Amino acid sequence: MDAIEAIKGRRSIRKFKPEQVSREALNGILEAGRWSPSWGNTQPWEIFVITGKALDEFREESLKAARGGAALNPDVPMPYAWPDQLKKRYGEIGEAVLTALNIRRDDSEARNRQNEFMTALFGAPCLLVLCVPADHSAIGYAMLDIGLIAQTICLAAHDKGVGSCIMAMAVIHPEILRKVAGIPENRRIIAGIAMGYPEPDYPLNRFERKRADVKDFVKWVE
């Protein structure tokens, strides 16, 4: 696949087919991911691949935590405030999701069902959990490195017809991941990537995406 085609064609998948992605295909995707750049070539990432019964247990425990109102305790704090322009974009994507699903903003029951579907990783048959050493002295650079390998993995997956969704929701209860996947305390859990084959007709897998114009974020200095 052409690189530009892959960049523009990749999108966050929000419903997956139950069909498993083979270990061979996943290994090919991860093989591409290892060529991602990193600060000083440190390659700080460690990735846990969760499938099968372990993933079923993770889903069950996550839904139980969500329904019980468990406090969120991610290893990396989630953002809750943005400058006005970023807040506006965040609101717009939320509105686009509800519109695509024909869910009214005041329909709390339908919104809760959708939140539970997200908690269950949109039915993905595979979850990648991206970690870095807990004692990494420059977490900002480690986060950048995780972003780089996450994007590479998602592009490589798209090239093979495998969908992906980078999810903060997957790591809001790190204690569940440590229990299910055996992730040690000396690893900081950064992000999850849900992976699988996309359900092509699902509204959230085909609604129109919007991006800021280049002129909105690029400043030319001559």
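Up top is the structure.
All of these numbers come straight from a predicted model, not from anything done at the bench. (Residues numbered from 1 in each chain as written. Predicted model: local features only at pLDDT ≥ 70, side-chain atom pairs only at ≥ 80, totals over all residues. Heavy atoms only, no water.)

Let's talk about the overall build of the protein chain
Scanning the protein chain for helices and strands turns up seven helices and four strands. The C-alpha atoms of the protein chain give a radius of gyration of 18 Å, which matches the 17 Å a tight globule of 222 residues would have. Dimensions of the protein chain, computed from the C-alpha atoms along their principal axes, are close to 55 × 50 × 35 Å. Expressed as a percentage of its 222 residues, the buried residues of the protein chain come to 38%. Taking the contacts inside the protein chain whose residues are at least 6 apart along the sequence as the reference set, 84% of them involve residues at least 24 apart. Positive and negative charge centroids in the protein chain, built from 30 and 29 side chains respectively, lie 3 Å apart. (Helix = DSSP H or I, 4+ residues; strand = E, 2+ residues; numbered from the N terminus. Rg over C-alpha atoms; globule rule 2.2 N^0.38 Å. Buried < 20%, exposed > 50% of the residue type's maximum accessible area, 1.4 Å probe, protein only. Contact = heavy atoms within 4.5 Å. Lys, Arg positive; Asp, Glu negative; His and termini not counted. Charge placed at Lys NZ, Arg CZ, Asp CG, Glu CD.)

Quick word on helix α2 (residues 23-33)
Looking at α2, one finds that the buried residues are Ala25, Leu26, Ile29 and Gly33. Considered in projection along α2, the buried side chains sweep an arc of 100° and stay on one side of the axis. Set apart from the buried face of α2 by more than 90 degrees, the exposed residues are Arg23 and Glu24. (Arc of directions from axis to C-beta.)

Looking at the pattern of salt bridges
Under the criterion given, the structure shown has twelve salt bridges. Of the charged contacts in the structure, one is a salt bridge between Asp216 and Lys215, with a shortest N-O distance of 3.6 Å. Given the relative accessible area of 44%, Asp216 is considered partly exposed. Put simply, Glu61, Lys64 and Lys179 are held in one network by salt bridges that share partners. (Salt bridge = Lys/Arg side-chain N within 4 Å of Asp/Glu carboxyl O.)

Things to note about the packing of α2 against helix α6 (residues 139-159)
Orientation of α2 relative to α6, taken along the N-to-C sense of each, is 135°, at an axis distance of 8 Å. Relative to α6, α2 is oriented oblique. Judged by the sense of rotation from one axis to the other, the crossing of α2 with α6 is right-handed. Where α2 approaches α6, its residues Ile29, Leu30, Ala32 and Gly33 are matched on the opposing element by Ile149, Thr152, Ile153, Ala156 and Ala157. Its residues assigned to classes, the contact of α2 with α6 shows seven nonpolar, two polar and no charged. (Axes fitted to C-alpha atoms, helices over the stretch in contact; angles between N-to-C directions. Parallel < 35°, antiparallel > 145°, perpendicular 65-115°, else oblique. Left-handed = near helix turned anticlockwise from the far one by under 90°. Nonpolar A, V, L, I, M, F, W, Y, C, P; charged D, E, K, R; others polar.)

Points about the nonpolar core
As a rule of thumb, nonpolar side chains are buried together in soluble globular proteins. Counting 24 residues, the largest nonpolar core has Ile29, Leu128, Leu130, Ile153, Val162, Ile193 and Met195 as its most contacted members. Elements with a contribution of two residues or more to this core: α2, β2 (126-133), α6 and β4 (187-196). If you tally residues by element for this core, the top one is α6, at eight residues. Beyond its immediate chain neighbours, meaning those up to four positions away, Val162 contacts Val21, Ile29, Ala157, Met195, Gly196 and Tyr197. (Core = buried A, V, L, I, M, F, W, Y, C linked by side-chain atoms within 4.5 Å.)

Considering helix α5 (residues 108-119)
In this model α5 runs 16 Å from its N-terminal to its C-terminal C-alpha over twelve residues, within 8% of the 16 Å that 1.5 Å per residue would give. Every buried residue of α5 is listed here: Ala110, Gln114 and Thr119. Considering only its buried residues, α5 is in contact with α3 (52-67). Downstream of α5 by a residue or two, Leu121 has a phi angle that is positive, lying close to 65°. (Expected span 1.5 Å × (residues − 1).)

Describing the sheet that holds β4
Read from one edge of the open sheet, four strands run β1-β2-β4-β3, paired in antiparallel fashion. The open sheet has two edge strands with one neighbour each: β1 (46-51) and β3 (163-167). For this sheet, the mean angle separating the axes of adjacent strands, direction not counted, is 25°. Bridge count for β1 against β2 is six bridges, and the pairing is antiparallel. (Pairing = 2+ DSSP bridges.)

Bear in mind that shape data such as this cannot, by itself, settle questions of function.
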